[in-house]
Amino acid sequence: KNRVSKLKWLLHCTMGCQWPTFLTRKDELAYLYGTATDEDVLASYLDSVNPRSKDPWMLEFIKLGQIAVVLGDTLFVHGGLQDESIGVVPGQKEVETDVLKWVLKLNEWKERELRDYISEPLFRTAGDHITRGGDQLILYGTPFYGNRTVIYHNPFEDGNPVQRSGKVQAFLRESRISRLLTGHQPHGQTPTVVRHLYTGLLAVTADTSRSDGMASKVFNPSNNRGLAISIVRIQGPYLHVEGELNDGSKHGYTLHVDPEQDKYPDTLVGRQLVDQYWVKTVLTPKPGGKREMVSVALGRGFGVSVSEMRVDRACLKLKKSYGWGRGQLAVMLSDIDHDTMLTGTSFNESCEDADELDHSLLQLIPGKGNPLFDREEFMKASTYIFSFNGVIKTSDLEQRKRIVENINSLISKKKRVVFVTNDSTFSTSQLWERIKSFGIKCTAEMQSPKYKLLARATTSALAEVDLRASSVVTAAHTSAWFLHNHGVRKPLCICYGSGLVRELEGAGFTDYLATVDKAGNVKPEFLLPVSKENIEAIIAKAPDIDGILVGWNHQLSALTIAVAATYLRWNQERGKNIPIVTCSKDIGGVMGYTSDHFEHAPFRNKQVRTIGNGGMAEAICRTAGDSFTAIDCGKPSDIFVTHLRWPLEEGGLGIDFDNTVFVGDSMDTDIVLANKTGMKSLLVLSGFTTMDEWRLRSKDGGPSAPTWVIDSFASVHQEPGVISKIMSKLHDISGGFV
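On a predicted model such as this, the values are computed, not experimentally measured, just so you know.

A. Layout of the overall build of the protein chain. Looking only at helices and strands, the protein chain has 23 helices and 29 strands in total. Within the span of the protein chain, comprising 738 residues, buried residues form 51% of the whole. Of all intrachain contacts in the protein chain linking residues separated by at least 6 positions in sequence, the fraction that spans at least 24 positions is 64%. Summed over all atoms, the accessible surface of the protein chain reaches about 34700 Å², with 54% contributed by carbon and sulfur.

B. Region of interest: the nonpolar core. Membership of the largest hydrophobic core comes to 54 residues, with the highest contact counts inside it found for Leu268, Val294, Cys493, Leu504 and Leu549. Among the elements that make up this core, the one with the highest residue count is helix α15 (residues 475–486) (six residues). What Leu549 contacts, discounting residues up to four positions off in sequence, is Ser479, Leu483, Leu492, Cys493, Ile494, Leu500, Leu504, Val581 and Cys583. In this structure, Phe373, Ala381, Leu431 and Ala714 belong to the second largest nonpolar core, which totals 34 residues.

C. Layout of the packing of aromatic side chains. As enumerated under the stated definition, the model contains 16 aromatic pairs in all. Between Phe386 and Phe713 the ring centres are 4.9 Å apart and the planes differ by 85 degrees, which places this aromatic pair in the edge-to-face class. Here the residue Phe386 occupies a position in strand β17 (residues 383–387), and Phe713 occupies one in the loop between β29 (708–710) and α23 (720–733), the gap between them amounting to 327 residues. Grouping residues by exposure puts Phe386 and Phe713 together as buried. Pairwise contacts between aromatic rings join Phe373, Phe378, Tyr384, Phe386, Phe419, Trp708 and Phe713 into one cluster. In this structure, Lys8 packs its charged tip against the face of Phe22, placed 4.9 Å from the ring centre. For the cation-ring pair, Arg25 lies above Tyr45, with the distance from its terminal atom to the ring centre recorded as 4.0 Å.

D. How the structure looks around the side chain of Thr474. By the secondary structure assignment, Thr474 is in strand β19 (residues 472–474). Here Thr474 falls in the buried class, since its relative accessible area comes to 0%. Here His477 takes part through its backbone nitrogen, which lies 3.0 Å from a polar atom of the side chain of Thr474. The contact partners of Thr474, leaving out residues within four places of it in the chain, are Thr421, Phe426, Ser427, Thr428, Leu431, Glu503 and Phe640.

E. Structural context of the environment of Thr421. You can see Thr421 is positioned in strand β18 (residues 416–421). Thr421 sits in the buried class, given a relative accessible area of 2%. Once residues within four sequence positions are removed from consideration, Thr421 is found in contact with Phe388, Asn389, Leu431, Val473, Thr474, Ala475 and Lys635. Reaching out from Thr421, the side chain makes a polar contact with the backbone nitrogen of Asp423 at a distance of 3.0 Å.

F. Molecular detail of the packing of α15 against helix α20 (residues 638–645). The geometry of α15 relative to α20 is characterised by a closest axis approach of 10 Å and an angle of 90 degrees between their N-to-C directions. The angle between α15 and α20 places the two elements in the roughly perpendicular class. Taking contact as the criterion, the partners of Ala475, His477, Thr478, Trp481 and Phe482 in α15 are, on α20, Ile639, Phe640, Thr642 and His643.

G. How the structure looks around the environment of Arg300. For Arg300, the position within the fold is in strand β14 (residues 293–300). In this structure Arg300 comes out as partly exposed when scored by relative accessible area, which is 29%. Through-space distance from the C-alpha of Arg300 to that of Gly159 is 5.0 Å; in sequence the pair is 141 residues apart.

The rules behind each value
Within every chain, residues take consecutive numbers counted from 1 along the sequence as written. Thresholds applied to this predicted model are a pLDDT of at least 70 for local features of residues and 80 or more for the giving and counting of side-chain atom pairs; totals over whole chains, interfaces and linings are not thresholded and use all residues. The side-chain values count all of the structure's non-hydrogen atoms but skip hydrogen atoms and water molecules. Strands are runs of DSSP state E lasting at least two residues, helices are runs of H or I lasting at least four, and both sets are numbered from the N terminus onward. Any residue under 20% of the maximum accessible area for its type is buried, any over 50% is exposed, and the rest in between are partly exposed; the area is computed with a 1.4 Å probe on protein chains only. Here, two residues are considered to be in contact whenever any of their heavy atoms come within 4.5 Å of each other. Surface accessibility follows the Shrake-Rupley procedure with a 1.4 Å probe radius. Residue values consider only the protein chains on display as shielding. To form a nonpolar core, buried Ala, Val, Leu, Ile, Met, Phe, Trp, Tyr and Cys residues must be joined to one another through side-chain atoms within 4.5 Å. Aromatic pairing here means that ring centres of Phe, Tyr or Trp (its six-membered ring) are within 6.5 Å. Orientation follows from the plane angle: under 30 degrees is stacked, over 60 is edge-to-face, and everything else is tilted. We call a charge positioned above a ring when the Lys NZ or Arg CZ atom is no farther than 6 Å from the ring centre and deviates by at most 35 degrees from the ring normal. By the criterion applied in these results, polar contacts are pairs of N or O atoms within 3.5 Å in which, for protein atoms, one can donate a hydrogen and the other can accept it, and in which residues neighboring in sequence qualify only through two side-chain atoms. Think of each axis as a best-fit line through the C-alpha atoms, taken over the contacting stretch in the case of a helix, with angles from 0 to 180 degrees between the N-to-C directions. Angle categories: roughly parallel below 35 degrees, roughly antiparallel above 145, roughly perpendicular from 65 to 115, and oblique for all the rest.

See the structure below:
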């Protein structure tokens, strides 16, 4: 409309200043001169960079600035480096290979451009286009220069930090640059560090200007920082960061340019977890706090999800490439207790002003896009994990046949296939036999080359055992594996059937108390009514119980709950906290579906629900007292994740999450597990999750949003046209969400 409107548009849409900036300048001018109009604001901006004005203060400031600075072994730039920008000087054909020479020539070019601007600051016509002095310097700070600028570059992808490329690392290393400090991209209340372990590069993004989008704007309408403050200091080979968060809590750490010189837990900062979160800072223990905590963050668009986490849990969740299981970052399973798994304060931060945040942008994150199945992308994985119940175990026999054929097709293509279940009534051997009975080709072809070398070194009988151990994981197996490594000697095992007892014995337990005998039959003493005498009688026979293992018990009684709760309480009262481990945190479960011929028509084809394993463990904990919490060993717990990634030769599965797809039917267990490990996921609607539930929950995205959705794994290898018809049907049913 006019120049004032254009200024407002520039401030709002290209400078990220939001609406208060113009008004704040107007208030400042009125304070200085008694009155101010919109035209006065416009004039103040123009005069600040006009070399002919009385006080071109902004121009004088720009004269002092440099595009890049090298201090010792540290390079400072505003945005960052990428392959296309390193060594590039605008207007110069040759690319510089030395950082110092490159920085020198970049700044010399900036001075030439600035002198050109001062001599001709106004637009002029040159041939068929309009130009003015210093126009290339102006463009260098805009998207016009693409990836060739170090000013406009965003070092994050979708709001989350990433490692610098190998080319960038090599370029800096050859000039002995070990630290790269940038700004430009806000990322929460503390500076963001990305540690590059192989080259030693420390990349620090120290922009905290959006640390609190909800900060009070009573005295400052542009206040997006709140009370958070951080100080970044460089001292020789050390990087020191210290400060306060918005809630007044303190944080800080020290990092050496050589990661081997870092002290624990500071060494965690700048490393990434399997769920894509980054360790941001070490929190100073609060009064009375005994455990060291770290703050971890995940950027998503303009939002940042932040959580507090115990340092040992952060070690447990580290990516393998960031030192998981090595040196001072290794975690002993015997040291894990229920507190390890607890997450402290969690909250979401916005890197945009609260009044300006476009919430639609927060939908553009992995897991929230269109879940239309992409078979080509699906087939790129090397490993596939299948949740047995709901994916393979279906009542539709024809559908199950096609599912098995599709799994066998993966095996024939030399893909690794692994089967998992939270159903603790199964031992690995029992589930293995069930899988084979369905017709799945359980041969060495379904495993990795590393496994095959192990298999060839054994007899055929032992090879079958090894194949099963590296292809099947049950919650019962993981729980027994954890108890053994945790140092429990004599557990109370609450279970149904023989599966959990078999896993205990397989893990090396010979002395235990179980609610069933080895054949899986409930022992008579656990069928009695609950009474003081019956509780005492059971405990008197096994007073040295040092752990409780809760499986899915189809005949759980009040007496069993009372016995387990009494063990917990009595041991706590004598100063010994014994662990209670649950094979799953599932509060409820599904026993199956009613038939088409159920007597009452409204209840036909309905899920038949029951209390879940987690509900049983919760009942025991609440009976014992409020201070008890069970350690979860089922999907999607950190223990289950650790078992999946633990080395094969040490009893784990050795799974590489970066090249794995999880196929499951539960959004709360299967899909959450996939998302927390960075795996792609395929949700099938043939089991626990119904179409209505998926439609309701997926619109909000979050940790239970799958990569893809399909009606059944039976449809995966259909021709594209068939899949298109299936997804079209889902589209219609879901109200157009797909």
